[in-house]
Number of protein chains: 2
Amino acid sequence: MTSRDINLALIQSSCFKTAEENIEYISQQLLQAANNNADLVLLQELHNTPYFCIEENPSNFDLAETIPGTSTDIFSKLAKEHQLVIVASLFEKRASGLYHNTAVVFDKDGSIAGKYRKMHIPDDPGFYEKYYFTPGDLGFTPIQTSIGKLGVLICWDQWFPEAARLMTLAGADILLYPTAIGWDPEDTEQEQKQQLDAWITVQRSHAIANGIPVASCNRIGTESSENLSTQFWGNSFICGPQGELLAQASNTNNEIISATIQLEKTENIRRIWPYLRDRRIDAYSDITKRFLDEE
Amino acid sequence: MTSRDINLALIQSSCFKTAEENIEYISQQLLQAANNNADLVLLQELHNTPYFCIEENPSNFDLAETIPGTSTDIFSKLAKEHQLVIVASLFEKRASGLYHNTAVVFDKDGSIAGKYRKMHIPDDPGFYEKYYFTPGDLGFTPIQTSIGKLGVLICWDQWFPEAARLMTLAGADILLYPTAIGWDPEDTEQEQKQQLDAWITVQRSHAIANGIPVASCNRIGTESSENLSTQFWGNSFICGPQGELLAQASNTNNEIISATIQLEKTENIRRIWPYLRDRRIDAYSDITKRFLDEE
């Protein structure tokens, strides 16, 4: 192992009803990851609670918390105790009526290295995130830690090549996605398979197009509201800078998956596949347009 | 079949030594595609010749031709005769000392519907394209035809999510890549497998991220220069707007693959996966930067 290797672990699990139970579970898993020499642990999206965005309910705003706050104090302590960099995912209360879906990165000394507020906010039946979260205003800025620059993005961001590219251009060493995505149990098995395949494919493509390792940590389990049910599809994975799978979880089990990320592979792969050399930045300005409507 | 369906065929083959032989072969294949009710035929990159970019040789500029010119006259006639939209790929001589890698689209009436000059130009051992081709100056502009707006891109473009996105924003109905990519026979089987997988994955991801069908037509066969050999890996494929494979060729055979593209699927998939709704165009302007260097 060289100084540029990172032992990365992902904790995939179903969620308990309360933050106390979830944090207790995560604490146990962090200890296990630390015992297996992890440097960096990626948690799944909104790991402290069931996926409350399955419904629009004003009382769910009670689940939000300040950053720093109770949860960040706990994760700071755990990061320091286990000498881990931890990527946590919280429901942030910034002000009354102003909430974000926010990832917080803790360094090994327990300090908050930085935070990322989810930029792309989804909204479809069972995933009513536009009701809860104001789109992020911190941009696509990697977070510097003692082990490297982390390009933290969140769930829906994973479908947008622009987000991955901007993190890469800003010097990210790795892309990390806390996520909570699942199937509508009423979809056919073929539709479900195709959706999961699309989700893995598009994220592996960010690795390929940018020559950068990628990891995505998803939840499992079925969660329901009065009208809807979502079966979170797990399949958390880690891939290298040519999209090669290094580890992949099941769609049903609580598990930790891990891999050693060799950051020098990025240098090698970008020499052989030098996309950054050849980008036509003189011809990309329309990327900032919504659509190029016909006259 | 509705009016928005397109019968698409791809002609994958090894190349003969001369343009005459290659055009004769392509003519036979076009007849066969037409007999199978194709509307649209995608040819592979620089199909009239062996892949001359395997070496830097000034006499190879003799292979270039004007547009319009001898080859476009032939393909115009074939398009009209068979009532086909044809995407051809030519070595364009624009002026002395000014050459492009150019795709030309012929409509069913034999007219030239438009052309696309390859925007991203590769250069690595055996693929010395920067020596031959000036980067395109026509931008990422889809070509309107009687059967739809074709987002024609070429080979190396396929690794750049920006190109696929810009064609989509400009209203393309489908992305079409003539291509010529292969293995270095000295690479290990695992490296070769990983490269092919990355190539398919990144192009399927353009379909997924943009909700648009994609097709890529590659050559086969081993071609050699004095010092180098390339084994073109075939695997031409067609996928739908969620990246689902509709047809895929082998890596060794001359073959026509085909599929019916249902353009209404784009509407359906974009309703369920509405990425265009949620793009953060306010935060993408750094895409036009080369790199965001640290201060």
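Summary of the structure given here. The written sequence of each chain sets the order in which its residues are numbered from 1. Labels follow written order: the first chain is A, the first ligand is 1, and so on. Reporting of local features is limited, given that this is a predicted model, to residues whose pLDDT is at least 70; pairs of side-chain atoms are given and counted only at 80 or more, and all residues count toward the totals for whole chains, interfaces and linings. By convention in this description, side-chain values take in all heavy atoms of the structure and omit both hydrogens and water.

Topic: the overall build of chain A
Definition in use: Each helix is a run of DSSP H or I of at least 4 residues and each strand a run of E of at least 2, with the numbering of both proceeding from the N terminus. Here the globule rule reads 2.2 Å times residues to the power 0.38, and the radius of gyration is calculated from C-alpha atoms. For every residue, the accessible area (1.4 Å probe, protein chains only) is compared with the maximum for its type, and the residue is labelled buried under 20%, exposed over 50%, or partly exposed between those bounds. We call two residues in contact when some of their heavy atoms are within 4.5 Å. We get accessible surface area from the Shrake-Rupley algorithm with a probe of 1.4 Å; when it comes to residues, only the shown protein chains can shield them. In this tally Asp and Glu are treated as negative and Lys and Arg as positive; neither His nor the chain ends contributes. We put the charge of a Lys on NZ, of an Arg on CZ, of an Asp on CG and of a Glu on CD.
In terms of helices and strands, chain A carries 7 helices and 15 strands. The C-alpha atoms of chain A give a radius of gyration of 18 Å, which matches the 19 Å a tight globule of 295 residues would have. For the C-alpha atoms alone, the extent of chain A along its principal axes is close to 55 × 50 × 40 Å. Scored against the burial criterion, the 295 residues of chain A give a buried share of 61%. Across chain A, every contact between residues at least 6 apart in sequence was considered, and the portion connecting residues at least 24 apart equals 67%. Accessible area for chain A stands at about 11300 Å²; split by element, carbon and sulfur atoms hold 47% of it. Taking the average location of the 24 positive side-chain charges in chain A and that of its 40 negative ones, the two points are 9 Å from each other.

Quick look at the relation of the copies chain B and chain A
What relates the pair of chain copies is a rotation about an axis plus a shift along that axis. Selection rule: We superpose the copies by least squares over the C-alpha atoms of residues that have a pLDDT of at least 70 in both of them.
With an axial shift of 0.0 Å and an RMSD of 0.0 Å, the rotation relating chain B to chain A amounts to 180°. Here the two chains are linked by the operation of a two-fold rotation axis.

What to know about the sheet that holds strand 5 (residues 112-117) of chain B
All names here are of chain B. Convention followed: We treat two strands as partners when DSSP finds at least two bridges between them. Helix axes are fitted to C-alpha atoms over the stretch in contact, other axes to C-alpha atoms as well, and angles between N-to-C directions run from 0 to 180 degrees.
Spatially, the 6 strands line up as an open sheet ordered 5-4-3-2-1-15, and their pairing is mixed. With partners counted over all chains shown, the strands left at the sheet margins are strand 5 and strand 15 (255-262), one partner each. Strand-to-strand, the axes of this sheet are offset by a mean angle of 30°, without reference to chain direction. Direction of pairing for strand 2 (residues 40-43) relative to strand 3 (residues 85-95): parallel, over a ladder of 3 bridges. Bridge assignment links Val41 to a residue of strand 3, and that residue is Ile86.

Examining helix 1 (residues 19-35) of chain A
Residue and element names in this part refer to chain A. Stated precisely, the cut-off is as follows: Helix span is expected to be 1.5 Å times the residue number reduced by one.
The terminal C-alpha atoms of helix 1 lie 24 Å apart, and with 17 residues this matches the ideal 24 Å at 1.5 Å per residue to within 8%. Along helix 1, the residues that are buried comprise Asn22, Ile23, Tyr25, Ile26, Ser27, Gln29, Leu30, Ala33 and Ala34. Asn37, located one to two residues past helix 1, shows a positive phi value of around 70°.

Observations regarding the packing of helix 4 (residues 161-169) of chain B against helix 5 (residues 189-210) of chain B
Residue and element names in this part refer to chain B. Keep this limit in mind: For classification purposes, an angle smaller than 35 degrees is called roughly parallel, one larger than 145 roughly antiparallel, one from 65 to 115 roughly perpendicular, and anything else oblique. Should the near helix be turned anticlockwise from the far one by less than a right angle, the crossing is termed left-handed; should it be turned clockwise, right-handed. Each residue is assigned to one class: nonpolar for Ala, Val, Leu, Ile, Met, Phe, Trp, Tyr, Cys and Pro, charged for Asp, Glu, Lys and Arg, and polar for all the others, Gly among them.
Remark: helix 4 packs on helix 5, axes separated minimally by 10 Å, with the N-to-C direction vectors making an angle of 40°. Looking at the two axes, helix 4 sits oblique to helix 5. Crossing of helix 4 against helix 5: the hand is right-handed. In contact with Pro161, Ala164, Arg165 and Thr168 of helix 4, helix 5 contributes His206, Ala209 and Asn210. Of the residues in the contact of helix 4 with helix 5, the class split is 3 nonpolar, 3 polar and 1 charged.

Focus on helix 2 (residues 70-82) of chain B
All names here are of chain B. With 13 residues, helix 2 extends 19 Å from end C-alpha to end C-alpha; this agrees with the ideal 18 Å at 1.5 Å per step. Those residues of helix 2 that sit buried are Ser71, Thr72, Phe75, Ser76, Leu78, Ala79 and His82. Those residues of helix 2 hidden inside the fold are in contact with helix 1 (19-35), strand 2, strand 3, strand 4 (98-106) and strand 5. Backbone geometry just downstream of helix 2 places Gln83 in the positive-phi region, at approximately 55°.

Some points on the pairing of strand 3 of chain B
Residue and element names in this part refer to chain B. In terms of burial, strand 3 is a largely internal element, 8 of the 11 residues being buried. With 9 bridges connecting them, strand 3 and strand 4 associate as antiparallel partners. Looking at the pairing, Ile86 lines up with Phe106 of strand 4. Hairpin geometry of strand 3 and strand 4 is characterised by an intervening segment of 2 residues between the two adjacent antiparallel strands and by a positive phi of about 80° at Gly97.

Here we look at the sheet that holds strand 10 (residues 214-217) of chain B
Sheet strands pair by backbone hydrogen bonding; their relative direction is either parallel or antiparallel. All names here are of chain B. Spatial strand order, 6-7-8-10-13-14: 6 strands in an open sheet with mixed pairing. Edge strands, defined here as strands with exactly one partner in the open sheet, are strand 6 (143-145) and strand 14 (245-248). On average, each strand axis in the sheet is tilted by 20° relative to the strand beside it, whichever way the strands run. For strand 7 (residues 148-152) and strand 8 (residues 174-178), the ladder comprises 3 bridges, and the chain directions are parallel.

Observations concerning the packing of aromatic side chains
Residue and element names in this part refer to chain A. The line we're drawing: Classification of ring pairs rests on two measures: the distance between centres of Phe, Tyr or Trp rings, Trp counted by its six-membered ring, which must be within 6.5 Å, and the angle between planes, read as stacked under 30 degrees, edge-to-face over 60 and tilted in between.
Applying the stated rule across the entire model yields 52 aromatic pairs over all chains. Ring centres of Phe16 and Tyr25 lie 6.1 Å apart, and the angle between their planes is 55°; on these two criteria the pair is classed as tilted. By relative accessible area, which is 34% here, Phe16 ends up partly exposed. You can call Tyr25 buried: its relative accessible area is 14%.

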